[in-house]
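# Report on the structure
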Amino acid sequence: PAPRTVLLTGAAGGLGTLMRDLLPAYGYDLRLLDLRPIEGEPDAIAADLADRDAVREAVRGVDAIIHLAGISLEAPFEKILKANIEGTYHLYEAAREEGVGRIVFASSNHAVGYTPRPQGDGPLIPVDTPRRPDTFYGLSKCFGEDLAQLYWDRHGLETVSVRIGSCFPEPTSVRMLSVWMSPADGARLFHAALTAEHVGHTVVHGSSANTRLWWDLTSARALGYEPQDDSEPYAEKLIAEQGELQDGNEAHAYLGGQFVTDPPIWPY
Ligand code: NAI
Ligand code: 15L
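What you see as residue numbers is a count from 1 along each chain, following the sequence as written. The lettering of chains begins at A and the numbering of ligands begins at 1, in the order of writing. Selection of residues for local features in this predicted model requires a pLDDT of at least 70, selection of side-chain atom pairs for listing and counting requires 80 or more, and totals for whole chains, interfaces and linings are taken over all residues.

## Things to note about the site of ligand 1
Here is the rule: Near residues are defined by distance alone, with the backbone-placed C-beta atom required to lie within 6 Å of the molecule or strand. Strands here are runs of E lasting at least two residues and helices are runs of H or I lasting at least four, both read from the DSSP assignment and numbered beginning at the N terminus. Ten residue types, Ala, Val, Leu, Ile, Met, Phe, Trp, Tyr, Cys and Pro, are classed as nonpolar, four, Asp, Glu, Lys and Arg, as charged, and the remainder, Gly among them, as polar.
Contacts to ligand 1 come from 24 residues, most closely from Gly13, Leu15, Ser72, Ala106 and Ile164. Those elements giving two or more residues to the shell around ligand 1 turn out to be helix H1 (14-22), helix H3 (77-98) and strand E5 (102-108). Element by element, the count of residues in the shell around ligand 1 is highest for H1, at three residues. Here the residues of the shell around ligand 1 are counted per class, giving 12 nonpolar, nine polar and three charged.

This is the structure in structure tokens:
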């Protein structure tokens, strides 16, 4: 049966807030978890992924999990280790112990951020392109994907790892014209990832059907995902303000963009 009760970790964050708005329309009953309290959501679970007992209690009885919680930018390795690597391990262990059948894992383009961006008519980046993390953050997403593979092979716990591009209300850079995932398409993709049959561990790119798309959406579409949005209407204005991506500018050369040259640092 289709999942109904879904634990949303990282529910206070940017993407979590967008999904709290959009996913209930698909019929999900969301249980929310975050380190931080969430305004207007007194039932949200305030817990750190480091707290194994709290995590186990949070997953008890849900049909599936959308795992967004963690450090979403670059940080010192020790912080990434705790929040993203150990935290994701705790969540998978809790899911295994409680018999939760499926997790949708928010991976990132930064797992392959050192991949050169396609030029001109060059082929789209396939989803099995070699890992080339651009930061410790990207490395933690590689770990999460491999953890998901292990829990599928060993324990039969299914995951869809979504290598999200940039999911924000609007694209705000020329790079984002290629990697943008509209919030509505994000909800469509998460819904497909929750409901497709027999996913095992599947890795997909997460973006809209952008005219300037850099990567292949075949594995996402195979889940039943049909993106409806395209960043192109934002192109003229963004290019007028910022100029086209430049050959020879390192921050424009790779999928990971600025994470390669000057990664934004997690502020906490
Ligand atoms: P965000 O930084 O706005 O939200 C992350 C949330 O996780 C925060 O509310 C934070 O309080 C919570 N969190 C951090 N450490 C935690 C811990 N130890 N225990 C419990 N909660 C903790 O990030 P955003 O943009 O909402 O991203 C959500 C997820 O999607 C992240 O895993 C991020 O890496 C991933 N992602 C997001 C993209 C985007 O375009 N927004 C692109 C690619 C990946
Ligand atoms: C990510 O993985 C970050 O979490 C998000 O804040 C954006 O920076 C996004 O990638 C991106 O590549 O634009």
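## Concerning the packing of H3 against helix H4 (residues 136-155)
The line we're drawing: With axes taken as lines fitted to C-alpha atoms, and helix axes fitted only over the stretch in contact, angles between N-to-C directions fall between 0 and 180 degrees. Note that the term roughly parallel is reserved for angles under 35 degrees, roughly antiparallel for angles over 145, roughly perpendicular for angles of 65 to 115, and oblique for everything else. In this scheme, a crossing is called left-handed if the near helix is turned counterclockwise away from the far one by less than a right angle; it is called right-handed if the turn is clockwise. Here contacts are defined at the residue level, using C-beta atoms placed from the backbone and a cut-off of 7 Å between them.
At a minimum axis separation of 10 Å, H3 and H4 run at an interaxial angle of 20°. Taken together, H3 and H4 sit at an angle that is classed as roughly parallel. The handedness of the crossing between H3 and H4 comes out as right-handed. Contacts from Phe77, Ile80, Asn84, Ile85, Thr88, Tyr89, Tyr92 and Arg96 of H3 reach H4 at Phe136, Tyr137, Ser140, Phe143, Gly144, Leu147, Tyr151 and His155. A breakdown of the residues in the contact of H3 with H4 according to their chemical character gives 10 nonpolar, five polar and one charged.

## Structural notes on the pairing of strand E7 (residues 201-206)
Selection criterion: Exposure classes come from backbone-placed C-beta atoms, where a residue is buried if 20 or more other C-beta atoms lie within 10 Å of its own, exposed if 12 or fewer do, and partly exposed in between. Pairs of strands are assigned from DSSP output, requiring at least two bridges between the strands.
Taken across its six residues, E7 has five buried, putting it largely inside the fold. Alignment of strand E6 (residues 158-164) against E7, held across six bridges, turns out to be parallel. Within E7, the position partnered with Ser161 by the bridge is Val203.

## Concerning the UniProt feature "domain: NAD-dependent epimerase/dehydratase" (unreviewed entry) in the chain
What counts here: UniProt positions are given in the numbering used here, feature names are shortened, and annotations may be inferred rather than shown by experiment.
UniProt tags residues 6-167 as "domain: NAD-dependent epimerase/dehydratase" (unreviewed entry). Annotated as residues 6-167, this span is 36% helix and 19% strand, and its ends, taken at the C-alpha atoms, are 20 Å apart.

## Things to note about helix H8 (residues 235-242)
Because an α-helix packs 3.6 residues into every turn, residues spaced three or four apart end up facing the same way. Little of H8 sits out of view: just zero of its eight residues are buried. In the stretch just after H8, Gly243 is the one whose phi turns positive, near 80°.

## Concerning the packing of helix H2 (residues 52-59) against H3
One can describe the packing of H2 onto H3 by two numbers: an axis separation of 9 Å at closest approach and a directional angle of 50°. As summarised for this structure, H2 and H3 are arranged oblique, according to the angle between their axes. The crossing of H2 and H3 is right-handed. Across the interface between the two elements, Arg52, Val55, Arg56 and Val59 from H2 touch His90, Leu91, Ala94, Ala95, Glu97 and Glu98 from H3. Split into classes, the residues belonging to the contact of H2 with H3 amount to five nonpolar, one polar and four charged.

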